[in-house]
Amino acid sequence: MSKLEVTPGMFSQVELKPSLKSTITMAISGLVVLFAFGIFGKAGDIAFVWSDKRESIQLPHWVVNSMLFCTVVGVILLLLAAVAFVFTRMNKKTPIWLVIIFGLLAIMALLGWLATGAPQGVQMVFILSNTLVLAIPLILGGMAGIMSERVGVVNIAIEGQLLTGAFVSSVVGTMTHNLYLGMITAMIASALLSMVLASLAIKYLVDQIIIGVLLNVLVIGITNFLHSAWLNNDSSHLNFPGTFDRIAIPFISDIPVIGQVLFNNRITVYLMFLIVPALWYVLFKTKLGLRARAVGEHPLAADTVGINVGKTRFWWVTLGGMVAGLGGAALTIGNVGSFGREMSGGQGFIALAVVILGRWQPVYVTLSALLFGFTIVLRVWANQVSPGVPFDIITMVPYLVTLVAVAGFAGKVRAPAASGQPYIKG
Amino acid sequence: MSKKKETVVVAETKAQSVLHEIMSGDPVRIALSILLGFIIGAIFMVVFNDQVVRAWSNFGSDPGLAFSSIWWTIQDGYGALFTGSIFDTNAGNFLDGLRPLTETLRFAAPLIMAGLGVALTFRVGLFNIGATGQIMMGLAGATFVSTRLHMPMVIHMIVAVLAAIAFAAVWGIIVGILKSRTGAHEVIVTIMLNYVATALFTFFLRQPGLLLESNGGGTPKSDHPDGTAMLGSLLGPNYNLHFGLILAVIAVVFYWWLMEKSTFGFRFRLVGHNASAAKAAGIKVENTFVWALALSAAFAGLAAANQGLSIDGGLTTSIEAGIGFDAITVALLGGSRAGGVVMAGLLFGAFKAGSASMQVAGVSPEVLGVVKALIVLFIAAPPIIRALYRLPKPTPKLLEPAKPVVKASK
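Residues numbered from 1 in each chain as written. Chains lettered and ligands numbered in written order. Predicted model: local features only at pLDDT ≥ 70, side-chain atom pairs only at ≥ 80, totals over all residues.

## Overview of the overall build of chain B
Here is step 1: Each helix and strand counted, chain B has 17 helices and zero strands in total.
Here is step 2: Looking at chain B as a whole, 50% of its 410 residues qualify as buried.
Here is step 3: Once local pairs closer than 6 in sequence are excluded, the contacts in chain B between residues at least 24 apart make up 74%. (Helix = DSSP H or I, 4+ residues; strand = E, 2+ residues; numbered from the N terminus. Buried ≥ 20, exposed ≤ 12 C-beta atoms within 10 Å, placed from the backbone. Contact = placed C-beta atoms within 7 Å.)

## Some thoughts on the pairing of strand β1 (residues 45-49) of chain A
Here is step 1: When β1 of chain A meets strand β2 (residues 62-65) of chain A, the two strands line up antiparallel, connected through four bridges. Across the sheet, residue Ile46 of chain A finds its bridge partner in β2 of chain A, namely Val64 of chain A. (Pairing = 2+ DSSP bridges.)

## Concerning the domain arrangement of chain A
All names here are of chain A.
Here is step 1: For chain A, the assigned domains read domain 1 (20-120) and domain 2 (130-385).
Here is step 2: Computed over C-alpha atoms only, the centres of domain 1 and domain 2 are separated by 32 Å.
Here is step 3: Every contact between the two is made by eleven residues of domain 1 and, on the other side, six residues of domain 2.
Here is step 4: When grouped by side-chain class, the residues that make up the side of domain 1 that touches domain 2 number six nonpolar, three polar and two charged. (Domains from an automatic or database assignment. Nonpolar A, V, L, I, M, F, W, Y, C, P; charged D, E, K, R; others polar.)

## Brief notes about the sheet that holds β1 of chain A
All names here are of chain A.
Here is step 1: The strand order across the open sheet formed by three strands is β2-β1-β3, and the pairing between neighbours is mixed. The open sheet terminates on both sides in strands that have one partner only, identified here as β2 and β3 (122-123).
Here is step 2: Of the pairings in the sheet, the one linking β1 to β3 comprises two bridges and is parallel in character. Bridge pairing in β3 links Val49 to Gln123.
Here is step 3: Of the strands in this sheet, β1 and β2 touch helix α2 (residues 66-89), which is tilted by about 85 degrees from β2. (Axes fitted to C-alpha atoms, helices over the stretch in contact; angles between N-to-C directions.)

## Looking at the interface of chain A and chain B
Here is step 1: At the junction of the two partners, chain A supplies 36 residues and chain B supplies 36 residues.
Here is step 2: Among the elements of the structure, α7 (208-229), α14 (347-357) and α16 (391-406) of chain A are those that each provide at least two residues to the side of chain A that touches chain B.
Here is step 3: The dominant element in the side of chain A that touches chain B, judged by the number of residues it contributes, is α7 of chain A, at 15 residues.
Here is step 4: Grouping the constituent residues of the side of chain A that touches chain B by class yields 28 nonpolar, seven polar and one charged.

## Topic: the confidence of the model for chain A
Here is step 1: Averaged over every residue, the pLDDT of chain A is 86; the share at 70 or more is 93%.
Here is step 2: Overall, residues 1-16 of chain A carries pLDDT values under 50, and its contacts beyond four positions in sequence, including any with other chains, amount to 17 contacts. (pLDDT = per-residue confidence, 0-100.)

## Here we look at helix α11 (residues 287-297) of chain A
Here is step 1: Among the residues of α11 of chain A, Ala292, Arg293, Ala294, Val295 and Gly296 of chain A are the ones counted as buried.
Here is step 2: Looking at the buried positions of α11 of chain A, the neighbouring elements they touch are α4 (124-149), α10 (267-285), α12 (299-304) and α13 (309-336) of chain A.

## Describing the environment of Ile307 of chain A
All names here are of chain A.
Here is step 1: By secondary structure assignment, the location of Ile307 is in the loop between α12 and α13.
Here is step 2: Taking the number of C-beta atoms within 10 Å as the measure of exposure, Ile307 has 16 and is therefore partly exposed.
Here is step 3: In this structure the C-alpha to C-alpha distance between Ile307 and Ile158, which are 149 residues apart in sequence, comes to 26 Å.
Here is step 4: Once you skip the residues sitting within four places of it in the chain, Ile307 turns out to touch Arg291, Ala294, Val295, Ala302 and Thr312.

## So, the packing of α4 of chain A against α13 of chain A
Residues and elements named next belong to chain A.
Here is step 1: Look at α4 against α13: their axes get within 7 Å of each other, and the N-to-C directions meet at 170 degrees. Between α4 and α13, the interaxial angle falls into the category roughly antiparallel.
Here is step 2: Residue composition of the contact of α4 with α13, by class: 15 nonpolar, eight polar and no charged. (Parallel < 35°, antiparallel > 145°, perpendicular 65-115°, else oblique.)

## Describing the nonpolar core
Soluble globular proteins: nonpolar side chains tend toward being buried together.
Here is step 1: Leu214 of chain A together with Met113, Ala114 and Ala168 of chain B are the most contacted members of the largest nonpolar core, which totals 258 residues.
Here is step 2: Take this core: its biggest share by element is 15 residues, from α4 of chain A.
Here is step 3: Both of domain 1 (20-120) and domain 2 (130-385) of chain A provide at least three residues apiece to this core. (Core = buried A, V, L, I, M, F, W, Y, C linked by C-beta atoms within 7 Å.)

## Describing the confidence of the model for chain B
Residue and element names in this part refer to chain B.
Here is step 1: Across chain B, pLDDT averages 85, with 89% of residues at or above 70.
Here is step 2: The secondary structure element of chain B with the lowest average pLDDT is helix α1 (residues 3-23), at 41, and the one with the highest is helix α10 (residues 244-261), at 96.
Here is step 3: Confidence drops under a pLDDT of 50 for residues 1-24, and excluding neighbours within four residues, the segment shows 15 contacts in the predicted structure.
Here is step 4: Reported for the predicted complex are a pTM of 0.87 and an ipTM of 0.85.

## Overview of unusual backbone geometry
Residues and elements named next belong to chain A.
Here is step 1: Unusually for a residue other than glycine, His177 sits at a positive phi of about 55 degrees.
Here is step 2: Among the secondary structure elements, His177 is positioned in the loop between α5 (158-176) and α6 (179-202).
Here is step 3: The class of His177 is exposed, set by 10 C-beta atoms lying within 10 Å.
Here is step 4: Of note, Phe251 is a non-glycine position whose phi angle comes to about 65 degrees, a positive value.
Here is step 5: Take Phe251: it is sitting in the loop between β4 (247-248) and α9 (258-262).

Structural data, given as structure tokens:
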């Protein structure tokens, strides 16, 4: 009898065969930085501005020569690519810290190159904190995507869930003058929408993608109507909630850069800090998560060992809707301060992409969402510091990266096996 | 069995299949879905209407007004929809009264064309939601030809339409190749390509060498298309209806022939019905996907031509007007059949045409977005409508008995 080894992640984590493709991608990016930004880059200085004016501890600006800086970073990037190559040759996965360091350095070089000679310099706190805030709806939408796809239900309705959350939190928050109540009702409303999706998909076996698309159309229709026929008549009493106050966590919020970016935020951001690791833990370290993944990978086997497939799917999708509702609340009372027509603007669809790019794993999905958040900031910021850069092209980058990932060029991407398939108990 | 009885049965099934063709599915259910959509829309209109709310808050003093206000709101709203999209009862003469109908046709044409594209992929078992991106690329092609190239009448228009088709088709082929070669799911690929195409079209519109208007500034906007490239007016200067309607009619006939009559369409349907059986029968499923997505995008390209070559003004990305997304609902509502898509396109076209007069009547036309979504939701999710109306579950249709191959006896 052969011994069956059960390893963590064996049921649904992506089994990565080390491939040279990611190493080659790294090497090419390193060469671009070295030559395009460094050796043949822009003459002039870059000022890295580390501190906001409000901060108690002020770090000095760091002024370096642009070509020198990008050349040095380019060389380091190529060295990192070489290390990654060694790992691949030894048939080991490239460690995630190496990829993160690589990404951060490459981003620094890009930012520096863009801001060469610009008087305001590279405002690190501004860029990073906006990246985080703009990524919150994507991250939470992505978590909702993970929670439903891991149990085998494709959730195209994230867009509608975000929009529901944004609308309800704004209206309830304004009417009750209690933003927390607005946030909680937003989560409940979104969860109810998810229940419609879940019951139609699971009990009535309506095509999951069709029902998801139609729920989006329905929510867009209803919120557009209510916005024009109801909210606009008296927006100060209906659609003017304001935002949560920022909560600075004592002591650690004084750490330069990191403190300002991470620990001086609104409650929506802190909740995300809790939800992502919690979801990771539940999915991969608990019995509950193992059952959920079993349902998503092989519902028949799960059913055979006594797991109620329909019920598991229903509750995971519903809870996912709650998380997406929080993401919607983050759009209004966590950032903008009022509801705008179709304000989710396709972020629910980007969340779908983020789920795939992050390979259905909470931490990777969060990193992917941050990449998208960063490009949104970059588009605005690059236009200020270095006009003439074709920012339409920058806009495309994350979508192209996702396409490349889906097409399997950047390592193998595998969805939960039963994702999108109804389970009919036979 | 007598021969006479057999003929009757055949006639019956034929009549049924015609209905199928028109509405695809149970007509009673479809009628009830549309009715329910309008009823819920009416509730939305009434509940969020100032006058109704005021009348009901004075219910004690004038209960009659409270009830009549409900009636008047609904009549105003849907009445304006009717006069804005079908027949204007206030017009001087009959022909002027029909002007709203021509507007409905004008709005329906691109919806029908793009809807046919999405419908085609549904029939092949693909969920293509990339019409938005394909229309954007089609617009890029059409705008380049119509503003940068100069040709004689008619030829210019034909070249511009072909350019729209070709550009869109390329965008569809990319999806097809990614789908068939790498197994990437078409839903995610098309969503991504929609964003890429929108950004790309905006980028083109910013480049002075490509599409940016002469003397253009920072806003991404093209020149006016050449008069020679414009889709000509059909009914003279008093009506906005243009040659795009003819394109739509051609598209519908071609779609019907392609899907119902041609071998190509048979292959498409077979793959959509059961891809592995089709594979076993020797059909190259992967190639079929590529062809289907290319053809589907070509229909979206026609919609792009309709949009890009019908307005005498500089184009921006807003000319797409949500048609790519509406096309999905049109295809779903139309059951992916030629006749159904025409009906669905006309309904949604009427909604677009009637919006303006609803606005004038003081009823938010956004309510039509709710009605539209509900109708399609009810039709695509039969359990809802059955539960609401307590309709009996359909008895599973028996498979048609295989017709014995009768060989001429010697």
